[in-house]
Each structure stands twice: as structure tokens, then as C-alpha cells.
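# Commentary on secondary and tertiary structure
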Amino acid sequence: MGLTSVGLGSGLDINGIVSALVSSEQAPKVAQFDTKEGAINSEISALGFLKSALSEFQDSLSFLSKEDSFESQSVKLSKSTYLSSTVTDDAVSGSYSVAVEQLAVNQKVGSAAVSDVTAALGEGSLNFAVDGDSFDIAVSAEDTLQTLVAKINGADDNVGVTATIVNSDDGAKLVLTSNETGTANNITVSATDADAGASTVLADTFTMTELQPAKDSIVYIDGLKLTSSSNTVEDAIEGVTLNLKSADIDELTTLTVSQNTSSIKTGIQAFVDAFNSMTESITSLTSYNADTQVAGVLQGDSLPRGIQSQLRNVISSSFSTTDGSLSLASIGITTTRSGTLEIDDDILTAALKNNVDGIKEMFTTEDTGVATKLDGYLDSYVGTGSIIDSRDTSLDSSLERLADQREAFATKMAAFEARLYTQYNYMDLIVGQLSTQSSDLQSRLDSLPGLVSQND
């Protein structure tokens, strides 16, 4: 680097000269580096965009690759007044007539009436039994009808009764309600006074009267009678649960079990939408816009072409099933001229109604089904250590090499700049010396006698 902006000996702008020479040498190479780095970063970004589009399409295959997705059933009722219903995948498609004659009811029993719920009942014990199970309550001399409610309800081994106090014209009664409906869950109460000879207050008080008899539910399915202890009737129809709400033997409810094709349609629509989105993404990366004269980053690249070729080959293939050969086109999923997919809902609806098992096979068969085959292809491009990962690694290495080249070139330019300053400063020194010698010689010549300056 020069010490001054102007050469002392020559009067030249050494800094400007050196800067111009270095810039003329450096600028083309830096521009080349920048262009190359920009191209590499654009390609890395494009590959990330491509990988994201492929991953989203792969995610859409998850539903269609599972057999369970094609096995769900739905239930429909002609009216919801008397029952509701749920189904499992084990339910068999069909239609059933259901009539509810009677709802299941809990039993309720009441003690003898007492005038004072805070009066002591006397020491003893109580035993409560429900459907073969029982528990005991120890009654102290200070216990009252009120304290016994808390003891019964708070017992850890309570087998299914709830106690409360109900006031009536006759007085207050301790009412026990069975926690479960049906005649199998009737309540039995036994009271024992500690000293039966002296007092029978406890036993007299807990002489129970039935206030509400237990009832089983009664339902008729296609004329066949079914009795249950609960209003939740399971497997009266295989895979179907009936939740009884109201009873009227003269009112029929039609229950229809059918294949739940709406969820399958939703899964297929998601598959088509994701495929089209992926196709549009690939097109944007590989096409050429004649209006803007801008080419996609991956135009001419064999990678996206290879991906499209493999996926379209699967999309257009036929697949063997138990019921014969099927293709996406045969169930209403066809390819447009632009390479996207579209659905003919009428054809798809009919196909699902008539051959849902075959469609399930077409999508889910291991290794050869539509979804599983596409998933395998996509995994080779987006999975860990995939083709795109390898490309990314290679491009990252190119950026590292480019950074090394920039550093080496910067070192070279620094040396070139230093050499130029050395050369120009030396020249400036020589010119300065020659100028000094010339001035000194002229001065001596001017001092000689008899010499007349030409300027005079």
C-alpha cells in the first residue's frame, strides 16, 4: 500500500492506478464466483422446495396405505327419538327394524320414616348387597340417619348403592338407589342391632320398602325380543351398540349399517390434491416462461423428470385384486392433459359401493399397491440418505470449495496489489531522483560564466 495518494517523485496518483489495475483483474473473477454461488444456492433452494412437495404428497398416502381406512362402517337411523347408535368396523352392512318396548330402570328402596334425621339410631351394623356383592357399615351409638348417608356413600367397598334423604308427609326416609339399572341389580339391606333385646331401632328403621322397582330394557330387532339390564345394548347386532332413549313398542326405527365411504372419498381427494400440488411445484421448477424469458432452476435436470416418470407410471398402471384388475382410471381418477389428476365423483361413488374390497386391495397391497408403491418410490427421494440428500451434500461441498477458491483468490489479489505498490513506488522514487538530478544540473549550467539562459 502506498504512503500517499500522489507520488512525491512523479506526481502520479499511485493509489488510483493500483486500485484500477487490481479492480480490472479482480472484478471478472469475483463476478464469476458470485454467479456460481448464486446458481448453487438457487439449486439448493429448489431441491428443498422439491423435497417439501414430495414429502407432502407422501404424507397423503398414509391414510390410503392402511387397510383399516377402508373398513370403517357408519350407521344411520330413520329417527332419533327412541335410540342412538354407534358401530365398529366389525358391523355387517344391512338394515334392521328396531322397536323399544321398555327402558331399563334402577331400583329404589326407602327406609322407615323418622321424625328427626339427627336422632341417634343405636349401635349395630348394616349390610348392603347388590347382584351377589355386599359391603358392611358399622353403626355407632351416635350415628343418625344423616351421618349414615355419608358413611354409605363414602364406603371404599361400596358395591353400587347411593344413599340420600327424602322428606315426605310421613317424615324423612333414607332412600337407596342402585347405581346400575336392571333387575339383576336389586338392593338387599340387612340391619342388626348390637343389643337386639334392649333396642331394635336400627333394624326397625332399615326395614326397607321398594319405592321404584328395577326393570330390564326390552327391545325388538326385526321382531326378535332382547332383554338387557342396561339401556346400552351391545352386540344385539354384531358390531352395533344401541343406546336406548325412550320406549314405545308401536314405533319402529330403521337402523341402517353401511360402508363409510365418505372417509375414503376424503382420503382419495387429499391424495389427488397433494399429487396435483406436487405436479405444479415440479412444473414451476422445470418450465420456461416465454413471456419473462426466465427458466425454472431445474429446467433440463434429469432428477425431476425421473421422479415424474416413475410416479406417472404407477398412476397409469393396472393392479391385480381378488376381484380382477383395477386402475385409478377405472374408479374415476384420471390424468388431465397437464399431468394433474381429477376425480369423477359418480364413477368413484359407484366403485366404492360395488367393490370397496377391491379398491382396498388396489391401494394397500404390500409392495405392489398404489399407495405402498408410491410411498416406496418417494422414500428413495426424500428419506434419510436419499437421492435429494446426496445432491444437497454435493452442492454443500461445492459451496465449501468455492469459499476456498475465494479465499485463495483474495490472497492472490492482496499479493498482486502489494507488488504493484512496490513497483510504482520504486518508479516514483527513480523519477524523483532523476528530477532532482536534472534540476541540479540545470542549476550548475546556469551558474557558468558566459552562458545566457534561453529564457532571457
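These remarks concern the structure in this document. Since the structure is predicted, the reported quantities are computational estimates derived from the model, not experimental observations. (Residues numbered from 1 in each chain as written. Predicted model: local features only at pLDDT ≥ 70, side-chain atom pairs only at ≥ 80, totals over all residues. Heavy atoms only, no water.)

This brings us to helix H2 (residues 145-154). Along an α-helix, residues three or four apart share an orientation, since each turn contains 3.6 residues. Those residues of H2 lying buried are Leu145, Leu148, Val149 and Ile152. Along the axis of H2, the buried residues cluster in a sector spanning 110°; they form a single face. Exposed residues lying more than 90 degrees from the buried face of H2 are Ala150 and Gly154. Where the residues of H2 are buried, they touch strand E5 (124-130), strand E6 (133-139), strand E7 (161-168), strand E8 (171-178) and helix H3 (201-205). (Buried < 20%, exposed > 50% of the residue type's maximum accessible area, 1.4 Å probe, protein only. Helix = DSSP H or I, 4+ residues; strand = E, 2+ residues; numbered from the N terminus. Arc of directions from axis to C-beta. Contact = heavy atoms within 4.5 Å.)

This part takes up empty space enclosed by the protein. With the rule as written, the count across this model stands at one cavity of 30 Å³ or more. Space inside the largest cavity adds up to approximately 40 Å³. If you go around the largest cavity, the residues you meet are Phe275, Met278, Thr279, Ile282, Gln308, Leu311 and Arg312. The set of elements that each furnish at least two residues to the lining of the largest cavity consists of helix H4 (261-286) and helix H5 (302-315). Examining the composition of the lining of the largest cavity, we find that four residues originate from one element, H4, more than from any other. Here the lining of the largest cavity is composed, by residue class, of four nonpolar, two polar and one charged. (1 Å grid on protein atoms, 1.4 Å probe; cavity = no way out; pocket = protein on both sides within 12 Å on 5 of 7 lines; lining within 4 Å. Points joined across faces, edges and corners; volume = space filled by probe spheres on them. Nonpolar A, V, L, I, M, F, W, Y, C, P; charged D, E, K, R; others polar.)

With respect to topology, three strands assemble into an open sheet ordered E6-E5-E9, the strand pairing being antiparallel. One side of each edge strand has no neighbouring strand; the edge strands of this open sheet are E6 and strand E9 (187-193). For this sheet, the mean angle separating the axes of adjacent strands, direction not counted, is 15°. With seven bridges joining them, E5 and E6 adopt antiparallel strand pairing. (Pairing = 2+ DSSP bridges. Axes fitted to C-alpha atoms, helices over the stretch in contact; angles between N-to-C directions.)

Across all of its chains, the model carries six aromatic pairs by this definition. Between Phe57 and Phe271 the ring centres are 5.7 Å apart and the planes differ by 35°, which places this aromatic pair in the tilted class. You can see Phe57 sitting in helix H1 (residues 14-64) and its partner Phe271 sitting in helix H4, a full 214 residues away along the chain. On the basis of relative accessibility, which here comes to 0%, the residue Phe271 falls in the buried class. Pairing Phe70 with Phe363 gives two aromatic rings, centres 6.0 Å apart and planes at 25°, and the pair type is stacked. Taken together, the residues Phe70 in the loop between H1 and strand E1 (73-77) and Phe363 in helix H6 (residues 345-364) connect sequence positions 293 residues apart. The two residues Phe70 and Phe363 agree in class, both being buried. Here the aromatic residues Phe57, Phe70, Phe271, Phe275 and Phe363 are joined through ring pairs into a cluster of three or more. (Phe/Tyr/Trp six-rings, centres within 6.5 Å; stacked < 30°, edge-to-face > 60°.)

Taken together, the five bridges between strand E11 (residues 217-221) and strand E12 (residues 224-228) define a ladder with antiparallel strand orientation. By the bridge assignment for E12, Ser217 is matched with Ser228. Hairpin remark: E11 followed by E12, antiparallel, with two residues in the connecting loop; positive phi at Asp222, about 50°.

Taken together, the side chains of Lys29, Lys36, Arg401 and Lys412 make up a positively charged region of the molecular surface. Looking at the positive patch, the elements that each hand over two or more residues are H1 and helix H8 (387-447). Tracing the chain through its elements places Lys412 in helix H8. (Patch = residues over 30% accessible without salt bridge, like charges linked within 9 Å, V, L, I, M, F, W, Y side chains within 5 Å. Areas by Shrake-Rupley, 256 points an atom, 1.4 Å probe, with all protein chains shown as cover. Salt bridge = Lys/Arg side-chain N within 4 Å of Asp/Glu carboxyl O. Lys, Arg positive; Asp, Glu negative; His and termini not counted. Charge placed at Lys NZ, Arg CZ, Asp CG, Glu CD.)

The next thing to look at is the side chain of Ser327. Along the chain, Ser327 falls in strand E19 (residues 324-327). For Ser327, a relative accessible area of 14% puts it in the buried group. Not counting residues within four places of it along the chain, the set of residues in contact with Ser327 comprises Ser317, Ser318 and Met362.

Right, let's talk about unusual backbone geometry for a bit. The phi angle at Asp131 is positive, at roughly 50°, despite the residue not being glycine. Assessed through its relative accessible area of 51%, Asp131 is described here as exposed.

So, to be careful, I would describe these as geometric facts and stop short of saying anything about function.
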